[in-house]
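Results of the structural survey
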Amino acid sequence: MELTASGIILKDKKILLIKRGGDAPEYPDSWTMPGGCGNPGETPEEIAVREVKEEVNLDFIPEKIFKITYEDGKKKYRFLGKWSGEIKLQKAESSRCGWFSYEETKNMKFAYDYKEIIEGLHEGGLL
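Read on for an overview of the structure. Model, not experiment: these values are computed from the prediction. (Residues numbered from 1 in each chain as written. Predicted model: local features only at pLDDT ≥ 70, side-chain atom pairs only at ≥ 80, totals over all residues. Heavy atoms only, no water.)

1. A few points about the nonpolar core
With 15 residues, the main nonpolar core has Ile8, Ile15, Leu17, Met33, Phe110, Ile118 and Leu121 as its most contacted residues. Those elements that provide at least two residues to this core are β3 (14-20) and α3 (114-123). When residues in this core are grouped by element, the largest group, four residues, is from α3. Residue contacts for Ile8: discarding those within four places in its chain leaves Ile15, Met33, Phe60, Phe66, Arg78, Phe79, Leu80, Gly81, Ile117 and Leu121. By size, the runner-up hydrophobic cluster in this structure holds 13 residues, among which are Ala5, Ala48, Phe79 and Leu89. (Core = buried A, V, L, I, M, F, W, Y, C linked by side-chain atoms within 4.5 Å. Buried < 20%, exposed > 50% of the residue type's maximum accessible area, 1.4 Å probe, protein only. Helix = DSSP H or I, 4+ residues; strand = E, 2+ residues; numbered from the N terminus. Contact = heavy atoms within 4.5 Å.)

Given below as structure tokens:
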């Protein structure tokens, strides 16, 4: 089974989201969290660390699994964790990024299960 993982990046009750490019093969012009597919032998934690670094240039330390889902033969891990560094968006896959409050996310178009993640973060008092 293929593994994917993403990092949930929070700051001051806001979440870092990235917008997929219009030419993305899945969910074009939709919002996501930094993450992606694993390489052979990588753990979910290693995937999250690598993908966050590649996509937004932040150093991410996974601390807690927020959610695990299964979709299309993939096991998807969503991690809460600590982060540091300065955001630098990788333009190859994403068109923009930003910090958003829960209210600001209500009318956004999301990829995968990220709308449910945001709802869960809000219900848990994190967003």
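And the narrative resumes.
2. Description of the sheet that holds strand β6 (residues 59-71)
Taken in spatial order, the four strands line up as β5-β1-β7-β6 in an open sheet, and their pairing is mixed. One side of each edge strand has no neighbouring strand; the edge strands of this open sheet are β5 (35-37) and β6. Pairs of neighbouring strands in the sheet enclose a mean axial angle of 20°, with direction left out of account. In this structure, β6 lies alongside strand β7 (residues 74-84), joined through 11 bridges in antiparallel fashion. Residue pairing across strands places Thr69 opposite Lys76, the latter belonging to β7. Each of β1 (2-8), β5, β6 and β7 is contacted by helix α1 (residues 44-56), which is oriented at about 60° to β1, the strand it contacts most. Running at roughly 120° to β6, α3 makes contact with β1, β6 and β7 of the sheet. (Pairing = 2+ DSSP bridges. Axes fitted to C-alpha atoms, helices over the stretch in contact; angles between N-to-C directions.)

3. Quick notes on a nonpolar patch on the surface
A cluster of nonpolar side chains, Met1, Ile65, Ile68 and Tyr70, forms an exposed patch at the surface whose accessible area comes to about 440 Å². As for its placement among the helices and strands, Ile68 is situated in strand β6. The class of Ile68 is partly exposed, set by a relative accessible area of 36%. (Patch = residues over 30% accessible without salt bridge, like charges linked within 9 Å, V, L, I, M, F, W, Y side chains within 5 Å. Areas by Shrake-Rupley, 256 points an atom, 1.4 Å probe, with all protein chains shown as cover. Salt bridge = Lys/Arg side-chain N within 4 Å of Asp/Glu carboxyl O.)

4. Overview of α1
Between its first and last C-alpha atoms α1 spans 18 Å; for 13 residues at 1.5 Å apiece the expected length is 18 Å, and the two agree. By the burial criterion, the buried members of α1 are Pro44, Ile47, Ala48, Arg50, Glu51, Val52, Glu55 and Val56. Buried residues along α1 sit in contact with β1, β3, β5, β6 and β7. Count one or two residues on from α1 and you reach Asn57, which has phi positive near 65°. (Expected span 1.5 Å × (residues − 1).)

5. A closer look at the environment of Phe60
Within the fold, Phe60 resides in strand β6. What makes Phe60 buried here is its relative accessible area of 3%. Placed 28 residues apart in sequence, Phe60 and Lys88 show a C-alpha to C-alpha distance of 14 Å. Those residues in contact with Phe60 that sit more than four places away from it in its chain are Gly7, Ile8, Ile9, Ala48, Val49, Val52, Phe79, Leu80, Gly81, Lys82 and Trp83.

6. Focus: unusual backbone geometry
The phi angle at Asp29 is positive, at roughly 55°, despite the residue not being glycine. Summarising the element assignment, Asp29 is placed in the loop between β3 and β4 (31-32). For Asp29, a relative accessible area of 39% gives the class partly exposed. The phi dihedral of Asp72 is positive, around 50°, even though this residue is not glycine. With respect to the helices and strands, the residue Asp72 is situated in the loop between β6 and β7. Using a relative accessible area of 69% as the deciding quantity, one classes Asp72 as exposed.

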